[in-house]
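Breakdown of the fold
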Amino acid sequence: MFRTKYLFWSLLFAFVASLPVNIFGDDRPNILVIVADDLGYADLGFQGCKDIPTPHLDGLAKSGVTCTNGYVTHPFCSPTRAALLTGRYQQRFGHENNPAWLPEDRVAGLPLSETPLPSVLRTKGYATGCVGKWHLGAHPSFHPNRRGFEYYYGALGGGHIYLEGLKGNNEYTIPMNRNGEGEPLKGYITTVFGQEASEYIKKSQPKPWFLYLAFNAPHTPLQSTPELQQRVSHIESKERRDLAAMIVGMDDAVGEVLSTLDSTGQRENTLVFFFSDNGGPISVTKANNTPLRNGKGSVYEGGIRVPFVVSWPKKLPKDATFEKPVVSLDVFATSVSLSDESNLSSEKIDGVNLIPYLSGQTKESPHDSLFWRTGGGATFAARKGNWKLVGKRGEPAELYDLEKDISEQNNLAASEGERLKQLEQAYEEWNTKNVAPLFESPKQPRKKK
Ligand code: CA
């Protein structure tokens with residue numbers, strides 16, 4: 001009798017232990033971070049774009065909060081991603097340039113001293129996946145599977161050709177990678193990323209999951225399909241059409257992912273971030289950053305202020321805008337706070353949990369100030385309230401009032417000397433905690449005219 005009872009309780013215990021964690025009321029949200037590559041500030045419908053149809057991203061914006069002062073920490077690819085995944089300004093640990101595609105290079109990549117977000121979330125019971133462009137180092141020790149992601153499918157370099165067989169440089173033609181194994185690209189890369197992300201979302205439930213979906217679109221090479229081109233045939237300029245077709249492809253892929261969230265009943269309790277890794281490269285493509293000044297590579301607003309949406313139907317307001325500055329650094333702190341309220345203790349983290357701000361629980365500003373630095377200080381910027389400092393090594397600094405002058409046309413450095421000094425001091429203080437860049441960006445081949 002005793003043995004039977006023991007067996008019963010043992011079996012019951014084993015059964016209960018095997019149940020998915022959500023059965024027990026684990027209502028922690030899934031976290032989906034969608035990053036576009038080189039997307040212009042004004043190249044989406046909800047950002048005022050008139051010529052490129054982006055219904056799915058517009059729908060995502062409507063389902064949540066559009067941050068009109070949403071920033072990334074760098075005006076180009078890899079450093080932005082380094083901060084996004086660590087919650088720390090990338091200058092703190094020397095990741096201030098793009099790593100070259102050198103699989104033997106143990107230095108050029110996200111330093112192993114850093115703990116990426118998926119590593120933390122894994123310890124909290126989250127499933128962790130990454131689909132898309134990696135660009136955080138080519139050496140095997142930098143592979144996403146070794147940086148906290150249980151699952152990875154994507155392109156490990158800084159970009160990729162969009163269809164098998166198209167032209168691209170060495171880095172852009174390496175095989176696609178699935179958990180360390182190479183494989184050919186099986187379709188239009190943006191569409192494939194949407195499908196792969198959807199599959200991940202289906203198979204990872206009911207455990208709460210974290211998925212980092214990093215499109216390489218609409219980064220060069222500007223490659224699309226006849227079908228996508230057809231949908232933007234109303235655009236006269238061929239260059240603009242080439243870009244628009246890629247953005248439409250990305251919007252479709254986002255649509256597929258959102259529809260998978262809906263069909264699997266996960267939309268309400270999934271926190272979705274969407275932003276671009278930097279501003280549109282207006283000297284390379286026909287991206288539009290209006291009304292912002294300059295674009296990719298610059299610390300003027302056009303390089304660092306990006307389309308930025310946070311959607312979580314269960315907890316955040318819908319069709320709302322938030323005007324105080326937020327930054328991609330906040331993804332880390334927000335995600336960790338939601339995974340375990342007791343566990344955001346590190347003073348090393350630069351971002352904040354955005355939920356109390358976006359939900360209206362507090363009216364404070366999430367950040368007193370934000371800072372940027374490129375090339376070890378070749379250019380730099382600081383924002384405090386509506387005031388923005390822009391500097392270039394060896395030249396007099398500039399000062400702008402973004403509230404009245406979002407396009408940074410009216411330099412007030414001469415008339416606002418005291419304010420300029422305060423911002424310069426704030427920047428210097430921030431900069432004392434930074435280190436020199438650990439590696440340099442690869443030299444760009446000369447552009448053929
Ligand atoms: Ca980029």
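Attention here is on the structure that accompanies the text. (Residues numbered from 1 in each chain as written. Predicted model: local features only at pLDDT ≥ 70, side-chain atom pairs only at ≥ 80, totals over all residues. Heavy atoms only, no water.)

**Comments concerning the coordination of the calcium ion**
Taken together, D37 (OD), D38 (OD), C77 (SG), D277 (OD), D277 (OD) and N278 (OD1) make up the full set of protein donors to the calcium ion, lying 2.2 to 2.7 Å away. Geometry at the calcium ion is irregular, judged from the six donor atoms that bind it and their angles of 52 to 153 degrees at the metal. Mapped onto the polypeptide sequence, the residues donating to the calcium ion form the spacing pattern D-D-x38-C-x199-D-N. Of the two residues, D37 sits in the loop between β1 (30-36) and α2 (55-62) while D277 sits in the loop between β9 (270-276) and α8 (301-304), which places them 240 residues apart along the sequence. D277 gets classed as buried once you look at its relative accessible area, which sits at 0%. (Donors = N, O, S within 2.8 Å, 3.2 Å for Na, K, Ca; no water. Tetrahedral: all angles 85-135°; square planar, octahedral: opposite > 155°, others 65-115°. Helix = DSSP H or I, 4+ residues; strand = E, 2+ residues; numbered from the N terminus. Buried < 20%, exposed > 50% of the residue type's maximum accessible area, 1.4 Å probe, protein only.)

**Focus: the pattern of salt bridges**
Counting across every chain of the model gives 27 salt bridges. In this structure, R92 engages D350 in a salt bridge whose closest nitrogen and oxygen atoms are separated by 3.2 Å. Here the residue R92 occupies a position in the loop between α3 (77-86) and α4 (117-123), and D350 occupies one in the loop between α9 (330-339) and α10 (355-358), the gap between them amounting to 258 residues. Take R92: its relative accessible area is 14%, and that puts it in the buried class. Taking the shortest distance from any N to any O, the salt bridge between E183 and R178 comes out at 3.0 Å. Owing to a relative accessible area of 22%, E183 belongs among the partly exposed residues under this scheme. For R178, a relative accessible area of 21% corresponds to the partly exposed category. (Salt bridge = Lys/Arg side-chain N within 4 Å of Asp/Glu carboxyl O.)

**As for the environment of A61**
Its place among the elements puts A61 in helix α2. Since its relative accessible area comes to 6%, A61 is described here as buried. Note: C-alpha distance between A61 and V310 (249 residues apart in sequence) is 7.6 Å. In this structure, A61 is in contact with F46, T66, V309 and D319, ignoring residues within four places of it in sequence. (Contact = heavy atoms within 4.5 Å.)

**Some thoughts on α2**
Of the positions making up α2, those classed as buried are L57, L60 and A61. All buried residues of α2 fall inside an arc of 100 degrees around its axis, so they share one side. Facing away from the buried surface of α2 by more than 90 degrees, the exposed residues are P55 and K62. (Arc of directions from axis to C-beta.)

**Comments concerning the environment of L338**
With respect to the helices and strands, the residue L338 is situated in helix α9. The exposure class of L338 is buried, given its relative accessible area of 18%. Linking L338 and A397, residues 59 residues apart in sequence, is a C-alpha distance of 40 Å. When sequence neighbours within four positions are dropped, the list of residues in contact with L338 reads R28, P29, Y126, L271, W312 and I355.

**Some details on the sheet that holds strand β8 (residues 209-214)**
Ordered in space as β7-β6-β5-β4-β8-β1-β9-β10-β2-β11, the ten strands form an open sheet in which the pairing is mixed. Pairing within the sheet leaves two strands with one partner each, and these edge strands are β7 (181-183) and β11 (320-322). Going from strand to strand, the sheet's axes swing by 15 degrees on average, the running direction of each strand aside. Bridging between strand β5 (residues 151-155) and strand β6 (residues 176-178) involves two bridges; their strand directions are antiparallel. Within the sheet, the bridge partner assigned to G154 lies in β6 and is N177. Sheet strands in contact with helix α5 (residues 189-204) are β4 (127-133), β5, β6 and β8, and its direction is about 180 degrees off that of β8. Relative to β1, helix α7 (residues 238-263) is tilted by about 175 degrees, and along the sheet it contacts β1, β8 and β9. (Pairing = 2+ DSSP bridges. Axes fitted to C-alpha atoms, helices over the stretch in contact; angles between N-to-C directions.)

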